Amino acid sequence: QGCGTCHGPGGDAADGPDMSTASSFRTSLVAKTYDDYLDWMAVTAQCSNGDFPYIAPGNPDGSALLAAVSHSHSQGRCDGSYAYHSTQKATIDGNAELVEDLVLWIQNGANAD
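Predicted model only: the values in this text are computed from it and were never measured.

Caption draft 1: Inspection of the environment of Leu66 at higher detail. Looking at the element boundaries, Leu66 is found in helix 2 (residues 64-69). In contact with Leu66, not counting residues within four places along its chain, are Pro60, His73, Leu102 and Val103.

Caption draft 2: Focus on the nonpolar core. If you look at the biggest cluster of nonpolar residues, it comprises 25 residues, and the most contacted ones within it are Leu29, Tyr54 and Ile55. Elements with a contribution of two residues or more to this core: helix 1 (22-29), helix 2 and helix 4 (96-107). Tallying contributions element by element places helix 2 first for this core, with six residues. Contact partners of Ile55, with chain neighbours within four places excluded, come to Phe25, Leu29, Val30, Ala31, Ser63, Leu65, Trp105, Ile106 and Ala110.

Caption draft 3: Here's a closer look at unusual backbone geometry. Positive phi outside glycine occurs at Ala31, with the angle close to 65°. Residue Ala110 is not a glycine yet carries a positive backbone phi of 50°.

Cut-offs applied
- In every chain, residue numbers begin from 1 and rise along the written sequence.
- Totals for whole chains, interfaces and linings use every residue, but because this is a predicted model, local features are given only for residues with pLDDT of at least 70 and side-chain atom pairs only at 80 or more, for both listing and counting.
- As a rule here, side-chain values come from all non-hydrogen atoms in the structure, and water together with hydrogens is ignored.
- The secondary structure listing takes helices from DSSP runs of H or I that are at least 4 residues long and strands from runs of E that are at least 2 residues long, numbered from the N terminus.
- Whether two residues touch is decided by their heavy atoms; if any such pair falls within 4.5 Å, the residues are in contact.
- Put simply, a nonpolar core is a bunch of buried Ala, Val, Leu, Ile, Met, Phe, Trp, Tyr and Cys residues held in one set by side-chain atoms that sit within 4.5 Å of each other.
- Using a 1.4 Å probe on the protein chains alone, a residue whose accessible area is under 20% of its type maximum counts as buried, one over 50% counts as exposed, and one in between counts as partly exposed.

Spelled out as structure tokens, the structure:
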């Protein structure tokens, strides 16, 4: 199961960012905040705002997406979103390589390639 299962066309969270493909994942999340998806789940409001975008290129610790799916990065700002993803078995804590890849991708500017 990947992010696009819920966060894609026809998914439970289809009114939010589209994460069904690599391209839509990037386009939907980089420099975007909850304000870009006002009809989306309220649990993300405490997690992503103008100061804490879903993905902040070059700043993994300032990226709400990472905080929402990795407890070690949640910083207390995304506890509700992390808890929700935990109940859905949609966190990445058990996959150190994936966490590292996501951190490196964000650190390196969250580029499309």
